Amino acid sequence: MARRPLKPCAWAACSVLVCGETYCDKHKPLAQQRDAERIKRTNQDYNERRDDSDALYKTYRWRKFSELFRKRNPLCKHCSELGKTTQAQLVDHILPHKTHPELAFTWANLRSLCWACHNQIGAKVGLVKNKKSL
Ligand SMILES: [Zn+2]
Ligand SMILES: [Zn+2]
């Protein structure tokens, strides 16, 4: 009768010997849960970062272009409309790059924003547009 070799459980700091399994009975469900959570987190991170990782923003051309734009427009445009003076932290496309890729490098389609305004505008695109048209 062939027996498979005993190996220690793969869980950190567990020395229980297992046969043909990676984890002992106690750690097997914990490991499965941990792996499932890890996969879920990875997918979430991916979805959250997907917009930022848009190929354009990684290009040398965009980095140089947005740097120059920010030098000329160092303050958050949205804040200055509200009478506040805030250092801009990024360059945003007024008409989104996704729907208007041809305007990616059009000076008039860009605005300097701080992160707070960028996030706010991103979350309320509809509202911001409505306010402007009023
Ligand atoms: Zn174990
Ligand atoms: Zn701002």
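Residues numbered from 1 in each chain as written. Chains lettered and ligands numbered in written order. Predicted model: local features only at pLDDT ≥ 70, side-chain atom pairs only at ≥ 80, totals over all residues.

A separate point is the overall build of the chain. Scanning the chain for helices and strands turns up six helices and four strands. Counting over 134 residues, the chain shows a buried share of 7%. (Helix = DSSP H or I, 4+ residues; strand = E, 2+ residues; numbered from the N terminus. Buried ≥ 20, exposed ≤ 12 C-beta atoms within 10 Å, placed from the backbone.)

This next bit is on unusual backbone geometry. The backbone of Ala13 sits at a positive phi, close to 70°, despite the residue not being glycine. Its place among the elements puts Ala13 in the loop between strand S1 (6-8) and strand S2 (17-19). The exposure class assigned to Ala13 is exposed, which follows from the 5 C-beta atoms found within 10 Å.

Moving on: the confidence of the model for the chain. With 84% of its residues at a pLDDT of at least 70, the chain reaches an overall mean of 85. Scored below 50 in pLDDT, residues 126-134 shows one contact in the model against residues more than four places distant or in partner chains. (pLDDT = per-residue confidence, 0-100. Contact = placed C-beta atoms within 7 Å.)

Along the chain, Ser80 turns up in helix H4 (residues 77-81). Put simply, Ser80 and Leu113 are 33 residues apart on the chain and 9.8 Å apart in space, counted from C-alpha to C-alpha. Apart from the residues lying within four places of it in its own chain, the contact partners of Ser80 are Leu75 and Thr85.

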